[in-house]
Amino acid sequence: MKKYVIALDQGTSSSRAIIFDREGNALAVSQKEFTQHFPQPGWVEHDAVEIWATQAGVAAEAVASLGAEPEEIAAIGITNQRETTVVWDAKTGHPICHAIVWQDRRTSEFCDSLKAKGWTEKIREKTGLLIDAYFSGTKVRWILENVPGAREKAEKGELRFGTIDSWLVWNLTGGRIHCTDVSNASRTMLFNIHTLEWDIELLGLLGIPASMMPEVRSSSEVYGTTTLLGGEIPVAGMAGDQQAALFGQMCTEPGTVKNTYGTGCFLLMNTGSTPITSKNNLLTTIAWKIGDTVSYALEGSIFVAGSVVQWLRDGLGIIRSSGDVEALASSVPDNGGVYFVPALTGLGAPWWDQYAKGTVTGITRGTTAAHIARAALEGIAFQTMDIVSAMEKDAGVPLKELKVDGGASRNNLMMQFQADIIGAKVIRPQVTETTALGAAYLAGIAVGFWDGVEGVKGQWKAERVFTPSASVESVAAAKQGWADAISRTLSKH
């Protein structure tokens, strides 16, 4: 009877639903973009109601396009943009303001004040995270401090906080279930990754009542059921998008690494059952929990990757569609000495400079749109190189191969350049929708559609392997040019 698992992939710029069969093939995909709100420089918001509407809509569309019946669907898995913060009224289920997106920098100054008061080490010790406006905790505090009446309602137990996964589960179950999973909880700066509980001291520090917080569950279990698509379907798997991609790439052994090239870039290394504290400005995070076993990861986050291509399209107007960037960049043999550090929303790992602004260096009269396009793509790969280097130092082993996924991983020019500058194989799988696939696997495993991790391991297959081929001299020169561009970008704040 059960033929399919649906993954709801709620991303930063669009909501998608993908239906997978037992072999891990994507049979139907539906996608809808939603509005990005930029009320002030450095502020990024989403309408959580629009997110739910688009997510529910694409789920119904995907099922209709496949002609699937509700009783044929084994489970629904959720994967989501992480850290994006929704606060809603527990009675009405209506958000009290726009969601504050992970890219939003409005709490940077408050983060500086926490650092000045000496909280850096304690927060890292408990949560595995650095103090940064990126994470959800300071966003919740901002909402309670700045939305009229929010603080009073929160103190009375009338408000709920959730990252996007919690918001979707709440709506899927008609407000019956308020939960999150360990992977999403570990991105809030409020969760102790060792005790696996919300940290009372950190909630107190940020003035967040514990009554707002979702129950924390594993990444693969039945949370509740939904009638969204007709019959009763279990909602049974949940992981933040980067952890879901790590799972979808079958990076289930310690030391395996993947990079997702999406709106941002996120490099994760599975470190097994031990959380490794980074000495090189990476984050320690929970990858997933299946049964009683918790897996940890090291993560490097790049805030701007695919979104720099959107900026070339919408801001500069040098390409018509994002897909045009590879052809434009390929029309010149090299970057012509141009380097583009896409710090459009600050710099993430390993720099963590929230005040950095985007920089283009090396422009001459001979510079063309093609050079800038090429430098933009190379900038994504160079940022990845910096994180690979930090990860190698933390793990104490050189990287042998990098599994890649996400939209920009289909860009052959960039993937070859990536292999050249990290000096390791870059492997693109046949299914590049690994984020959705990971969520589907977690849900399917929970309901017995697949027989545990071993039951899905054999489904991962490589589509193309990029092997380093550039000369040692050209790689050294490129790295030097990048180091110079980075030094000019870092703020003197």
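Residues numbered from 1 in each chain as written. Predicted model: local features only at pLDDT ≥ 70, side-chain atom pairs only at ≥ 80, totals over all residues. Heavy atoms only, no water.

Asks: Any chance you could explain the sheet that holds strand β5 (residues 73-80) here in plain terms?
Replies: Backbone-to-backbone hydrogen bonds pair the strands of a sheet. The strands run either parallel or antiparallel. Spatially, β3-β2-β1-β5-β14-β13 is the arrangement adopted by the six strands of the open sheet, whose pairing is mixed. With partners counted over all chains shown, the strands left at the sheet margins are β3 (26-33) and β13 (220-226), one partner each. With strand direction ignored, the average angle separating the axes of adjacent strands in the sheet is 25 degrees. Pairing of β5 with strand β14 (residues 233-240), which is carried by five bridges, proceeds in the parallel orientation. Considered in β14, the bridge of Ile76 is made with Val235. (Pairing = 2+ DSSP bridges. Helix = DSSP H or I, 4+ residues; strand = E, 2+ residues; numbered from the N terminus. Axes fitted to C-alpha atoms, helices over the stretch in contact; angles between N-to-C directions.)

Asks: Could you clarify how one ought to interpret a nonpolar patch on the surface in this entry?
Replies: A grouping of Trp311, Leu316 and Leu344 is seen on the molecular surface, where their side chains present a nonpolar patch of about 250 Å² in accessible area. Secondary-structure assignment places Leu344 in the loop between β19 (339-341) and β20 (359-361). (Patch = residues over 30% accessible without salt bridge, like charges linked within 9 Å, V, L, I, M, F, W, Y side chains within 5 Å. Areas by Shrake-Rupley, 256 points an atom, 1.4 Å probe, with all protein chains shown as cover. Salt bridge = Lys/Arg side-chain N within 4 Å of Asp/Glu carboxyl O.)

Asks: Which parts of the structure should I look at to understand the packing of helix α12 (residues 369-395) against helix α13 (residues 412-422)?
Replies: Each pair of packed helices can be summarised by the angle the axes make with each other and by the distance between the axes. Where α12 meets α13, the closest approach of the two axes is 9 Å, and the angle between their N-to-C directions is 40 degrees. Viewed along their axes, α12 and α13 form a crossing whose handedness is right-handed. When α12 is examined against α13, the residues Arg374, Leu377, Glu378, Ile380, Ala381, Phe382, Thr384, Met385 and Val388 are found in contact with a partner set consisting of Leu413, Met414, Phe417, Gln418, Ile421 and Ile422. Considered class by class, the residues forming the contact of α12 with α13 number 11 nonpolar, two polar and two charged. (Left-handed = near helix turned anticlockwise from the far one by under 90°. Contact = heavy atoms within 4.5 Å. Nonpolar A, V, L, I, M, F, W, Y, C, P; charged D, E, K, R; others polar.)

Asks: What's the story with helix α14 (residues 434-446) in this structure? I'm lost.
Replies: Each α-helix turn comprises 3.6 residues. Residues three or four places apart therefore point the same way. Here α14 spans 18 Å end to end across 13 residues, near enough to the 18 Å set by a 1.5 Å rise per residue. Among the 13 residues in α14, 12 count as buried, and that is most of the element. If you check which residues of α14 are buried, you get Thr434, Thr435, Ala436, Leu437, Gly438, Ala439, Ala440, Tyr441, Leu442, Ala443, Gly444 and Ile445. Of the residues flanking the end of α14, it is Gly448, one or two places downstream, whose phi is positive at about 80 degrees. (Expected span 1.5 Å × (residues − 1). Buried < 20%, exposed > 50% of the residue type's maximum accessible area, 1.4 Å probe, protein only.)

Asks: Mind showing me how you'd approach the packing of α12 against helix α16 (residues 472-489) here?
Replies: Orientation of α12 relative to α16, taken along the N-to-C sense of each, is 90 degrees, at an axis distance of 11 Å. One finds that α12 runs roughly perpendicular with respect to α16. Contact with α12, carried on its side by Gly379, Phe382, Gln383, Met385 and Asp386, involves Ala478, Lys479 and Trp482 of α16 and no other residues of that element. Among the residues forming the contact of α12 with α16, the class breakdown is four nonpolar, two polar and two charged. (Parallel < 35°, antiparallel > 145°, perpendicular 65-115°, else oblique.)

Asks: Just checking my understanding: could you explain the pairing of strand β21 (residues 401-405) for this structure?
Replies: Of all five residues making up β21, four are buried, and the element is well covered by its neighbours. Taken together, the three bridges between β21 and strand β22 (residues 425-429) define a ladder with parallel strand orientation. Looking at β22, one finds that Leu402 is bridged to Val426.

Asks: Looking at this structure, I do not really get the pattern of salt bridges. What am I missing?
Replies: Pairing between side chains becomes possible if they bear opposite charge and their charged atoms approach one another. Applying the stated criterion across every chain yields a total of 26 salt bridges. Where Arg105 meets Asp132, a salt bridge forms, and the shortest distance between an N and an O atom there is 3.1 Å. Here Arg105 is found in the loop between β7 (99-100) and α2 (108-116), whereas its partner Asp132 is found in the loop between α3 (120-127) and α4 (136-146), with 27 residues between them in sequence. Taken individually, Arg105 and Asp132 each receive the classification buried, so the pair is uniform in this respect.

Asks: Help me understand the nonpolar core, please; the structure alone is not making it clear to me.
Replies: Across soluble globular proteins, nonpolar side chains have a tendency to be buried as a group. Ranked by size, the top nonpolar core spans 127 residues in total, and within it Ile208 and Met212 carry the most contacts. The element that contributes the greatest number of residues to this core is α12, accounting for 13 residues. Dropping the residues within four chain positions of it, Ile208 is found in contact with Gly137, Val140, Arg141, Leu144, Leu190, Leu203 and Met213. If you look at the next biggest cluster of nonpolar residues, it comprises 35 residues, including Ile19, Val58, Cys179 and Leu229. (Core = buried A, V, L, I, M, F, W, Y, C linked by side-chain atoms within 4.5 Å.)

Interpretation in functional terms is not warranted from these geometric data alone.
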